[in-house]
Each structure stands twice: as structure tokens, then as C-alpha cells.
Amino acid sequence: MSGRKCPVVVGVGEVLWDMLPDGKKMGGAPANFAYHARAFGADSYAISCVGDDPLGQELLDRFNQLGLSQRYVAVDRHHPTGTVDVHLDADGKPYFVIHEEVAWDYLPPIPLFHEVIDGADAVCFGSLAQRSPVSRATIGALLGAVPDHCCCIFDVNLRQRFYSRDVIFCGLKAADVLKLNDDELPVIAELLKLPGQDDEARMSALLAEFDLELLVLTRGSHGSVLLSPTGRSEHAGFPAEVADTVGAGDAFTATVAMGLLRGLELDAINEHANRVASFVCGQSGATPQLPDELTAPLRR
């Protein structure tokens, strides 16, 4: 992986408005990922698509406010900007209603996207944005064009019915790092017919079968496990007074990505990622401003 002082980090997929009980906030895993990676010192970008409508313009304005480049956000004149209705349970855990036939379902295969992919040190992609054939084909072509040194991170996000065995399998084949949560692991194990009846066995099977450099399993308030071919790190997590958990996983992924690019040990990455995710859980929305004590360890 690259050791450049300012790594280029790219999130690919959906950008949208999360319609939360206290109002709308920018969301979508790739945009959240890019936002937090930028806070950690990356030259970060999101590749996505918004509609040619007021909500789309508001998202582009929000990118400007957050210091994110709009250069790789396409504008679709035929489909609306994506929105997600977010309902929170008593513990702040979100439940999503993700609307279909929106702009990010039609991510165009434009040459401009390859401009940033060609120089990327890490690219994060997910399963949700591949629910439509158009975006799936575009994402597949971009992943096929990443440079050899680039770390490809597959951040599984199983939502509603928007996933399939084929999407998961192809994502794993393209990935160096897999990130998923403890609800998603048994679903993927069943889809892929993995051996083993517990998390450890399933994780080991995924690591070996897909030749992964790292597997990241998040477990909500119970912390996380990072497993590589040569090491294992487990962290119990940090207590948080939860406002909502929207975006905490994306912040965790960005921390892991930057920790890897900075050459940190697994235990250090795991501890810091839990600190960052705990902070995000205590804020409303996916893109709160991180305090200096959380960004400084990765800004070098």
C-alpha cells in the first residue's frame, strides 16, 4: 500500500439525503467515507450521481460546505436525487426505507471517473449501489481499473432486498479488505455456503477463500474484530450516549483505511476506529465534525 504523505482515497456509489426525525442530512456510505477520510488527512473524493433537482443542488452545496470536491459527482437529468427515510428505534439504531429509480442507480460510465481512480491509494465500494445493472457495470469497470498498489475495500451494506449472491461474490473477488457487521456475516455465510457455525469459522473461511488481506467485523456496542492472515485484533468498543448510529460504520471504515495506509498495527487501528465510531454515534447524522484528538493520530 502507498506510503505517500497525502493518500488519495475514493468512495464509489450512492450519495443521498437521509431523512431523519430531526431533518435531512447528507448520507450514503461512499460520501460519508470520503468525508471522514478527508478529516484524517486524505485527498478524498466521492464518485456518485445526483438528480438535476433542488435536492441534488443542495447535496452539491453540502459537498462544498464539507470541503469535498464535486468533480466526480455526475448530474442525471432523468432521475431524482436519492432519499432514504430513516426511522430510529429506542437505542438509536436506524431502519431504512431506500427509494428506488434514483440518480445513483444510474451512475454513468464516464471517462472522468477514471481520472481519480488511476491515482487512488484506496477505493471503498459497497453492495447497495450495485442494486441496478447500470451502476453495477460502472462500478465493476472502475474496480477493474484500479492501480496495483490500491487497496480495494468492500463495505458490505445489506439493505432491504438490495443484494444478491452474485453481487457479494464479485465484490469479494475484487476486494483486498472486507468490512461487514455481525448481522451481515451469517447472511453472507448462507449465501456463499461457507463452512463453520460460528463467527470465527466463517471469518476464517472468507479470509482464505477470497485471499483477503483483512476482514473487519463490527459488532455494534460490543466492538469489533480485525482478522488478517497473520494476526487478529479484538476490541470491546467504547461506551457512547447514542444519538443515532447512522454513519458510524462508514467512519469506522474510513479509520481502518487510513490506518492501513499509514502503516499502523491492527490493535492501534481497531482501538482508534472504535473511538471514532463511538463519537459519531453520539452525534446526529453521519458527518459530524470530528474533534482534533480523533483526527490528529492519522494526520501525518
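Owing to the predicted nature of the structure, the values given are computational and were not obtained by experimental measurement.

Thresholds applied
- In this numbering scheme, every chain counts its residues from 1 along its sequence in written order.
- Whole-chain, interface and lining totals are the exception, using all residues; otherwise, since this is a predicted model, local features are given only for residues with pLDDT of at least 70 and side-chain atom pairs are given and counted only at 80 or more.
- Excluding hydrogens and water, the side-chain values take into account all heavy atoms of the structure.
- Numbered from the N terminus, helices here are DSSP runs of H or I no shorter than four residues, and strands are runs of E no shorter than two.
- With the radius of gyration taken over C-alpha atoms, the globule rule is written as 2.2 Å times the number of residues to the power 0.38.
- Relative accessibility decides the category of a residue: with a 1.4 Å probe and only protein chains considered, values under 20% of the type maximum give buried, values over 50% give exposed, and everything between is partly exposed.
- Any two residues whose heavy atoms approach within 4.5 Å are treated as being in contact.
- As used here, the term nonpolar core means buried Ala, Val, Leu, Ile, Met, Phe, Trp, Tyr and Cys residues forming a set that is joined through side-chain atoms within 4.5 Å.
- What makes two strands pair is DSSP finding at least two bridges between them.
- Axis definition: a line fitted to C-alpha atoms, limited for helices to the stretch in contact. Angles are taken between N-to-C directions and run from 0 to 180 degrees.

A. A look at the overall build of the protein chain. In terms of regular secondary structure, the protein chain is built from 10 helices and 13 strands. Its C-alpha radius of gyration of 18 Å places the protein chain within 12% of the 19 Å reference for a compact globule of 300 residues. Taking the principal axes of its C-alpha atoms as reference, the protein chain extends roughly 50 × 40 × 40 Å. Residue burial in the protein chain is summarised as follows: out of 300 residues, 55% are buried. Of the contacts formed within the protein chain by residues at least 6 apart in sequence, a portion of 70% connects residues at least 24 apart.

B. Highlighting the environment of Leu-60. Following the sequence through the fold, Leu-60 ends up in helix H2 (residues 54–66). Taking relative accessible area as the criterion, Leu-60 reaches 9% and is therefore assigned buried. Sequence separation between Leu-60 and Lys-173 is 113 residues; the distance between their C-alpha atoms is 33 Å. The residues contacting Leu-60, other than those within four sequence positions of it, are Val-50, Gln-70, Val-73 and Val-75.

C. Representation of the nonpolar core in the model. Grouped together as the largest cluster of nonpolar side chains are 57 residues, with contacts concentrated most on Val-10, Ile-47, Val-123, Leu-172, Leu-178, Leu-206 and Leu-215. With residues up to four places along the chain from it excluded, the contact list for Leu-172 reads Phe-154, Leu-178, Leu-192, Leu-206, Phe-210 and Leu-212. Grouped together as the second largest cluster of nonpolar side chains are 32 residues, Phe-252, Leu-260, Leu-290 and Leu-298 included.

D. Focus on the sheet that holds strand S5 (residues 73–76). Ordered by their spatial adjacency, nine strands build an open sheet running S5-S4-S1-S8-S9-S10-S11-S12-S13, and the pairing between neighbours is mixed. At either margin of the open sheet sits one strand with a lone partner, and together these are S5 and strand S13 (231–235). Across this sheet, the average inter-strand angle for adjacent strands is 15°, counted without regard to direction. In the sheet, strand S4 (residues 43–51) pairs with S5 via four bridges, with the strands oriented parallel. Looking at the pairing, Val-50 lines up with Val-75 of S5. Across the face of the sheet, H2 comes into contact with S4 and S5 while running at roughly 170° to S4.

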